[in-house]
2 protein chains.
Amino acid sequence: MKRDGYTCHALSFDYGQRHRHELAAAERVARHLGVIQHRTVAVDLRAIGGSALTASIPVPKDRPEADGGRAGEIPVTYVPARNLIFLSIAVGFAETIGAWDVAYGANSMDYSGYPDCRWPFVNAFIEAANLGTKAWDDRTRRHESAGFRVHAPLINLTKAQIIRLGRTLGVDYSLTHSCYDPDEAGNACGRCDSCLIRKRGFMEADLPDPTRYAAAVVGR
Amino acid sequence: MKRDGYTCHALSFDYGQRHRHELAAAERVARHLGVIQHRTVAVDLRAIGGSALTASIPVPKDRPEADGGRAGEIPVTYVPARNLIFLSIAVGFAETIGAWDVAYGANSMDYSGYPDCRWPFVNAFIEAANLGTKAWDDRTRRHESAGFRVHAPLINLTKAQIIRLGRTLGVDYSLTHSCYDPDEAGNACGRCDSCLIRKRGFMEADLPDPTRYAAAVVGR
């Protein structure tokens with residue numbers, strides 16, 4: 001979004017995720033990339049439960065299905081309606097700062113088991129957001145502007161393509177975090193879906209993987 | 001919903017509202033009506049700001065526009081994307097308990113200035129919710145069932161009609177709370193839009209108003 005000339009305000013969510021280390025990582029990345037501000041909104045999704053990422057369901061390890069979700073099953077790390085909730089809060093944030101463009105980091109290639117990472121959902125969401133906010137002008141029955149747009153620049157890229165693109169844009173991957181089940185120090189487990197997909201991404205992109213893995217994994 | 005035979009799970013939101021007294025009231029009402037459970041989800045909308053209900057913007061008092069929003073202006077008590085966010089969390093909750101029916105207390109008659117209290121928004125939201133959750137089966141490209149339904153039984157009723165309907169269904173209005181700006185003890189201010197509309201509702205319904213108003217208002 002920065003490359004395309006947008007002035008960026010970053011938003012993260014503290015939703016009771018096991019992998020809270022990603023919040024510190026998001027803060028580091030946001031500062032490194034020079035955004036106007038980075039806000040973290042607390043929304044306690046543990047109160048509704050239902051996912052391995054927020055409840056006491058174990059995070060699956062070493063799953064062969066982490067090969068691109070081709071099995072078509074929705075994994076237990078799916079958080080009910082999570083991205084619908086996050087996009088809704090993002091639209092509220094956009095409204096308060098007078099922005100119309102929301103950038104969404106969803107990726108459908110590696111996680112095709114997640115229904116909220118696909119264009120049909122994103123397009124339906126935009127329609128709902130425009131009808132449910134000030135963007136919709138009740139008097140004229142027309143949008144004040146073109147309305148909200150949701151950009152999802154990574155949605156149709158493979159993990160390897162994403163990693164290469166980030167590299168050309170100056171992303172420092174040593175600042176980033178993907179693991180669903182890190183240890184206390186924030187080291188990646190190396191075995192959850194998110195780690196497996198990230199690792200293979202670096203391999204396929206033929207780039208060094210700067211991820212700090214837990215000792216037990218490094219030793220394998 | 002209970003009258004129509006549904007088994008009810010109630011959901012409230014602690015979103016940083018000034019009128020947190022409504023959360024205790026919701027708990028009282030839910031217990032009185034005998035729901036299966038009542039959960040309160042914390043979502044800190046103060047972090048995005050932009051409303052008199054969550055930020056340090058004063059709640060307007062004695063507004064003539066509280067006559068049914070006919071002026072067409074969206075009031076400063078509008079919380080950006082609030083109901084979009086609440087409905088999204090409700091759909092996530094429904095998903096975790098295996099429910100397909102979400103009941104939404106929106107009312108368009110008295111608050112026509114709120115864009116998220118109207119059917120076009122609700123219908124677009126249902127579409128997004130079905131595409132963004134497990135309800136959508138990627139393999140068959142069809143919904144698992146008819147998908148989520150959002151019921152909004154109060155949406156086209158006047159406040160007087162709502163009060164009469166509640167009366168026939170056994171609602172104890174002394175347990176309820178509407179004021180946007182109550183005093184410490186939870187007494188209603190009697191002067192915000194929400195109080196003005198509620199008061200007029202009781203008058204038009206020709207029913208006694210059991211609301212506890214702040215002393216200064218009672219004395220007027």
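Residues numbered from 1 in each chain as written. Chains lettered and ligands numbered in written order. Predicted model: local features only at pLDDT ≥ 70, side-chain atom pairs only at ≥ 80, totals over all residues.

**Some remarks on the overall build of chain A**
- The helix and strand inventory of chain A stands at 6 helices and 6 strands.
- Along its sequence from the N terminus, chain A presents helices and strands in the succession β-α-β-α-β-α-β-β-β-α-α-α.
- Burial status across chain A gives 41% buried among its 220 residues.
- Contacts spanning at least 24 positions in sequence make up 70% of the contacts within chain A whose residues lie at least 6 apart. (Helix = DSSP H or I, 4+ residues; strand = E, 2+ residues; numbered from the N terminus. Buried ≥ 20, exposed ≤ 12 C-beta atoms within 10 Å, placed from the backbone. Contact = placed C-beta atoms within 7 Å.)

**Section: the relation of the copies chain A and chain B**
- Of the transformation superimposing chain A on chain B, the axial component is 0.0 Å and the angular component is 180°, with the fit at an RMSD of 0.0 Å. Interpreted geometrically, this transformation is the action of a two-fold axis. For chain A, the residue whose C-alpha comes nearest the rotation axis is Val43 of chain A, separated from it by 2.0 Å.
- A shared binding surface is used by both copies, with 95% of the interface residues of chain A retained as interface residues in chain B. (Least-squares fit on C-alpha atoms with pLDDT ≥ 70 in both.)

**Let's talk about the pairing of strand β2 (residues 37-42) of chain A**
- Alignment of strand β1 (residues 9-14) of chain A against β2 of chain A, held across 6 bridges, turns out to be parallel. When the sheet's bridge partners are listed, Ser12 of chain A is paired in β2 of chain A with Thr40 of chain A. (Pairing = 2+ DSSP bridges.)

**Remarks on the packing of helix α2 (residues 82-97) of chain A against helix α2 (residues 82-97) of chain B**
- The interhelical angle for the contact between α2 of chain A and α2 of chain B, taken along N-to-C directions, is 170°, at an axis separation of 9 Å. Taken together, the axis directions place α2 of chain A and α2 of chain B in an arrangement best described as roughly antiparallel. The segment α2 of chain A lies against α2 of chain B, with Arg82, Leu84, Ile85, Ser88, Ile89, Val91 and Gly92 of chain A engaging Leu84, Ile85, Ser88, Ile89, Val91 and Gly92 of chain B.
- For the contact of α2 of chain A with α2 of chain B, the per-class residue count stands at 8 nonpolar, 4 polar and 1 charged. (Axes fitted to C-alpha atoms, helices over the stretch in contact; angles between N-to-C directions. Parallel < 35°, antiparallel > 145°, perpendicular 65-115°, else oblique. Nonpolar A, V, L, I, M, F, W, Y, C, P; charged D, E, K, R; others polar.)

**Looking at the interface of chain A and chain B**
- Contacts between chain A and chain B engage 42 residues on the former and 40 residues on the latter.
- Elements that contribute at least two residues to the side of chain A that touches chain B include exactly β2, α2 and α3 (119-131) of chain A.
- Broken down by element, the side of chain A that touches chain B gets its largest block of residues, 11 residues, from α2 of chain A.
- In terms of residue class, the side of chain A that touches chain B is built from 23 nonpolar, 10 polar and 9 charged.

**Focus: the environment of Glu27 of chain A**
- Structurally, Glu27 of chain A can be placed in helix α1 (residues 21-33).
- Each C-alpha atom of the pair Glu27 of chain A and Asp172 of chain A lies 13 Å from the other, and the pair is 145 residues apart in sequence.

**Observations concerning helix α5 (residues 193-205) of chain A**
Residues and elements named next belong to chain A.
- Between its first and last C-alpha atoms α5 spans 18 Å; for 13 residues at 1.5 Å apiece the expected length is 18 Å, and the two agree.
- For α5, the complete set of buried residues consists of Asp193, Ser194, Cys195, Leu196, Ile197, Arg198, Lys199 and Gly201.
- In this structure, the buried residues of α5 make contact with α4 (159-168).
- Following α5 by one or two positions, Asp206 has its phi on the positive side, about 60°. (Expected span 1.5 Å × (residues − 1).)

**Focus: α3 of chain A**
- Taking 1.5 Å as the rise per residue, α3 of chain A with 13 residues should run 18 Å; its terminal C-alpha atoms sit 18 Å apart, in good agreement.
- Burial in α3 of chain A covers these residues: Phe121, Val122, Ala124, Phe125, Ile126, Ala128, Ala129, Asn130 and Leu131 of chain A.

**Re the confidence of the model for chain A**
- With 85% of its residues at a pLDDT of 70 or more, chain A shows a mean pLDDT of 85.
- What the predictor reports for the complex is a pTM of 0.86 with an ipTM of 0.83. (pLDDT = per-residue confidence, 0-100.)

**Some details on the nonpolar core**
- Ranked by internal contacts, the top residues of the largest apolar core, which has 92 residues, are Phe125 and Ala128 of chain A together with Phe125 and Ala128 of chain B.
- Setting aside chain neighbours within four positions, we find Ala128 of chain B in contact with Leu84, Phe121, Ala124, Phe125 and Ala128 of chain A. (Core = buried A, V, L, I, M, F, W, Y, C linked by C-beta atoms within 7 Å.)

**A word on the environment of Leu11 of chain A**
- Mapped onto the elements of the fold, Leu11 of chain A is located in strand β1.
- Residues within four places of Leu11 of chain A in sequence aside, it is in contact with Arg39, Val41, Ala90 and Phe93 of chain A.

**What about the packing of α4 of chain A against α5 of chain A?**
Residue and element names in this part refer to chain A.
- Between α4 and α5, the least distance of the axes is 8 Å, while the angle of their chain directions is 65°. When the axes of α4 and α5 are compared, the pair comes out roughly perpendicular. Between α4 and α5 lies a crossing of right-handed hand. In this structure, α4 uses Lys159, Ala160, Ile162, Ile163 and Arg164 to contact α5, whose residues at the interface are Ile197, Arg198, Arg200, Gly201, Phe202, Glu204 and Ala205.
- Each residue belonging to the contact of α4 with α5 can be placed in one class, and the counts come to 6 nonpolar, 1 polar and 5 charged. (Left-handed = near helix turned anticlockwise from the far one by under 90°.)

**Considerations on the environment of Gly190 of chain A**
- Secondary-structure assignment places Gly190 of chain A in the loop between α4 and α5.
- C-alpha separation for the pair Gly190 of chain A and Ile162 of chain A, spaced 28 residues apart in sequence, amounts to 19 Å.

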